[in-house]
Amino acid sequence: MSSVGLAQVLSENFYCIRCGEWVYCPEMNQKCRDEQGKEVEKIGEGCLHQDEKGEYLECPSCKERFYIEE
């Protein structure tokens, strides 16, 4: 179990620190509106998983979980 910053995931290619497999890239981001109506980017739909510890991205190869930190 590891963690990764939301800003990092949204802005650069993210690779698994355990096996090196590609996990996520900024091209997968979605645009949405925040509470103030400002357009912001978020992690693409279907990419995040959730459990009792929070939201995470999962490596497709080794299944390492990377919990998202604000």
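See above for the structure.
Residues numbered from 1 in each chain as written. Predicted model: local features only at pLDDT ≥ 70, side-chain atom pairs only at ≥ 80, totals over all residues. Heavy atoms only, no water.

Q: Can you walk me through the pairing of strand β8 (residues 65-69) in this structure?
A: Every regular strand shows the same layout, with side chains that alternate between the two sheet faces. Of the strand pairs in this sheet, strand β1 (residues 2-5) and β8 are connected by four bridges, and their pairing is parallel. Considered in β8, the bridge of Val4 is made with Ile68. As judged from the three bridges shared by strand β7 (residues 54-58) and β8, these two strands associate in the antiparallel manner. When the bridges of β8 are listed, Tyr56 appears paired with Tyr67. (Pairing = 2+ DSSP bridges. Helix = DSSP H or I, 4+ residues; strand = E, 2+ residues; numbered from the N terminus.)

Q: What is the right way to look at the pattern of salt bridges in this model?
A: If the charged atoms of two oppositely charged side chains come close together, the side chains can form a pair. All chains considered together, the criterion is met by four salt bridges. Where Arg18 meets Glu64, a salt bridge forms, and the shortest distance between an N and an O atom there is 2.9 Å. Placement of Arg18 in the loop between β2 (14-15) and β3 (22-24) and of Glu64 in the loop between β7 and β8 is noted, with a sequence separation of 46 residues between them. Classification of Arg18 by relative accessible area gives exposed; the value is 55%. Exposure remark for Glu64: the relative accessible area of 10% places this residue in the buried category. A salt bridge links Lys31 to Glu41; the nearest nitrogen and oxygen atoms lie 3.1 Å apart. Placement of the pair is Lys31 in strand β4 (residues 30-33) and Glu41 in strand β5 (residues 39-42), with a sequence separation of 10 residues. Using a relative accessible area of 54% as the deciding quantity, one classes Lys31 as exposed. Taking the relative accessible area as the measure of exposure, Glu41 reaches 39% and is therefore partly exposed. Several salt bridges share partner residues, and in doing so they unite Asp51, Glu58 and Arg65 into one network. (Salt bridge = Lys/Arg side-chain N within 4 Å of Asp/Glu carboxyl O. Buried < 20%, exposed > 50% of the residue type's maximum accessible area, 1.4 Å probe, protein only.)

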